[in-house]
Amino acid sequence: AQSVTQLDSQVPVFEEAPVELRCNYSSSVSVYLFWYVQYPNQGLQLLLKYLSGSTLVKGINGFEAEFNKSQTSFHLRKPSVHISDTAEYFCAVSRRGRGTSYGKLTFGQGTILTVHP
Amino acid sequence: NAGVTQTPKFQVLKTGQSMTLQCAQDMNHNSMYWYRQDPGMGLRLIYYSASEGTTDKGEVPNGYNVSRLNKREFSLRLESAAPSQTSVYFCASSGGRTSGATSQETQYFGPGTRLLVL
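Since the structure is predicted, the reported quantities are computational estimates derived from the model, not experimental observations.

Moving on, we come to the overall build of chain A. Along its length, chain A carries zero helices and twelve strands. Helices (α) and strands (β) of chain A occur, in sequence order from the N terminus, as β-β-β-β-β-β-β-β-β-β-β-β. Taking 117 residues into account, the globule formula puts the C-alpha radius of gyration at 13 Å, and chain A, at 14 Å, falls close to it. Viewed in the frame of its principal axes, chain A has a C-alpha envelope of about 45 × 30 × 20 Å. Each of the 117 residues in chain A was classed as buried or not, and the buried ones make up 44%. By sequence separation, contacts in chain A at least 24 residues apart represent 59% of the contacts at least 6 residues apart. Within chain A, the 8 negative side-chain charges are centred at a point lying 17 Å from the centre of the 10 positive side-chain charges.

The next subject is the nonpolar core. Within the largest apolar cluster, 28 residues are counted, with the highest numbers of intra-cluster contacts made by Leu33, Trp35, Leu47, Leu48, Phe74, Leu76 and Tyr89 of chain A. Cys23, Ile46, Val60 and Leu78 of chain B belong to the second-largest nonpolar core, a separate cluster that totals 20 residues.

The next point concerns a nonpolar patch on the surface. On the surface, Val12, Leu116 and Leu118 of chain B cluster together to form a nonpolar patch covering roughly 280 Å² of accessible area. Within the secondary structure layout, Leu116 of chain B lies in strand E11 (residues 113-117).

Right, let's talk about the interface of chain A and chain B for a bit. Counting residues at the interface gives 22 residues for chain A, matched by 20 residues for chain B. Between chain A and chain B, the buried area comes to about 1700 Å², and carbon and sulfur atoms account for 52% of it. Linking chain A with chain B are zero salt bridges. If you look at where chain A meets chain B, you find three residue pairs in polar contact (both at pLDDT 80 or more). In terms of residue count, the dominant contributor to the side of chain A that touches chain B is strand E5 (residues 31-38) of chain A (four residues).

Bringing the environment of Tyr108 of chain B into the picture now. All names here are of chain B. Relative to the assigned elements, Tyr108 resides in strand E10 (residues 108-109). Look at Tyr108 and you get partly exposed, because its relative accessible area is 39%. The spatial distance from the C-alpha of Tyr108 to the C-alpha of Tyr33 is 9.8 Å, given a sequence separation of 75 residues. For Tyr108, the contacting residues outside a window of four places in its chain are Val4, Met27, His29, Cys91, Ala92 and Ser93.

Moving on, we come to the state of the cysteines. Here, disulfide denotes a covalent bond that connects the sulfur atoms of two cysteines. Under the counting rule described, the total for this entry stands at two disulfides over all chains. With its sulfur 2.0 Å from that of its partner, Cys23 of chain A forms a disulfide with Cys91 of chain A. Its S-S torsion of about -65° marks the bond between Cys23 of chain A and Cys91 of chain A as left-handed, since a negative value means left-handed. In this pair, Cys23 of chain A sits in strand E4 (residues 23-26) while Cys91 of chain A sits in strand E10 (residues 87-95), placing the two residues 68 residues apart along the sequence. By the burial criterion, Cys23 of chain A is buried, and Cys91 of chain A matches it. Each sulfur of the disulfide joining Cys23 of chain B and Cys91 of chain B lies 1.8 Å from the other. Sign of the S-S torsion, about -70° for the bond between Cys23 of chain B and Cys91 of chain B, identifies this disulfide as left-handed. Remark: Cys91 of chain B occurs in strand E9 (residues 87-96) and Cys23 of chain B occurs in strand E3 (residues 19-25); sequence separation between them is 68 residues. With respect to class, Cys23 of chain B is no different from Cys91 of chain B; both count as buried.

This next bit is on the pairing of strand E1 (residues 4-7) of chain B. Residues and elements named next belong to chain B. Of the two faces of E1, the one lined by Val4 and Gln6 is fully buried and the one lined by Thr5 and Thr7 carries no buried residue. Summarising the sheet, E1 and E3 pair through four bridges and their orientation is antiparallel. Across the sheet, Val4 pairs through a bridge with Gln25, a residue of E3.

What counts as what
- Residues numbered from 1 in each chain as written.
- Chains lettered and ligands numbered in written order.
- Predicted model: local features only at pLDDT ≥ 70, side-chain atom pairs only at ≥ 80, totals over all residues.
- Heavy atoms only, no water.
- Helix = DSSP H or I, 4+ residues; strand = E, 2+ residues; numbered from the N terminus.
- Rg over C-alpha atoms; globule rule 2.2 N^0.38 Å.
- Buried < 20%, exposed > 50% of the residue type's maximum accessible area, 1.4 Å probe, protein only.
- Contact = heavy atoms within 4.5 Å.
- Lys, Arg positive; Asp, Glu negative; His and termini not counted.
- Charge placed at Lys NZ, Arg CZ, Asp CG, Glu CD.
- Core = buried A, V, L, I, M, F, W, Y, C linked by side-chain atoms within 4.5 Å.
- Patch = residues over 30% accessible without salt bridge, like charges linked within 9 Å, V, L, I, M, F, W, Y side chains within 5 Å.
- Areas by Shrake-Rupley, 256 points an atom, 1.4 Å probe, with all protein chains shown as cover.
- Salt bridge = Lys/Arg side-chain N within 4 Å of Asp/Glu carboxyl O.
- Buried area = accessible area lost by both parts, 1.4 Å probe.
- Polar contact = N/O pair within 3.5 Å; in protein donor to acceptor, adjacent residues only side chain to side chain.
- Disulfide = S-S within 2.5 Å.
- Pairing = 2+ DSSP bridges.

As structure tokens, this is what we get:
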């Protein structure tokens, strides 16, 4: 089984400042990693994903994340945030390969990012 | 191309009432999922359907049933609603017929159904 821990439930930051949202995972098997964003009263939208290859993954809206296998982390970063980045962010994992768990996502608890002017 | 659609958007039920949440996708995806979202708990998988004709329990299936009506549609039924089922429910789909492995993994979400059980 997999589990995901998002280390901060809320992150306040000023506009144009950098931000890092932290995500650690636990799994006995290899996983795929995802970050989703949820704007108020909307569904979830994929920001970026790590499937294989380069451990630095770039996503939409200037976000990037780095997969660190030794630390089992997948932290999300943005060098300069905007007011419009205010949202809730979810880290998620799914098991690699086929089998009964194929495609199922396990989510973290979410981090609310609030960008202040 | 509407993606994933859900109906209704909002619903208020009394304890013991039943209802069905509808979900449809137009992306020719094989897999579909139902999640519930509660504050501070992220999204938890209720049921999923890896392909047409199959359904399996997720993390929190108690009190729910599902039907994969066809490849497009996946419904969630509450037979006897309880206040503990007050939540926001999301449907998602993944996996296109002609897509490679890298597309199989991405789940696309609907806008959600907000359910209040009194």
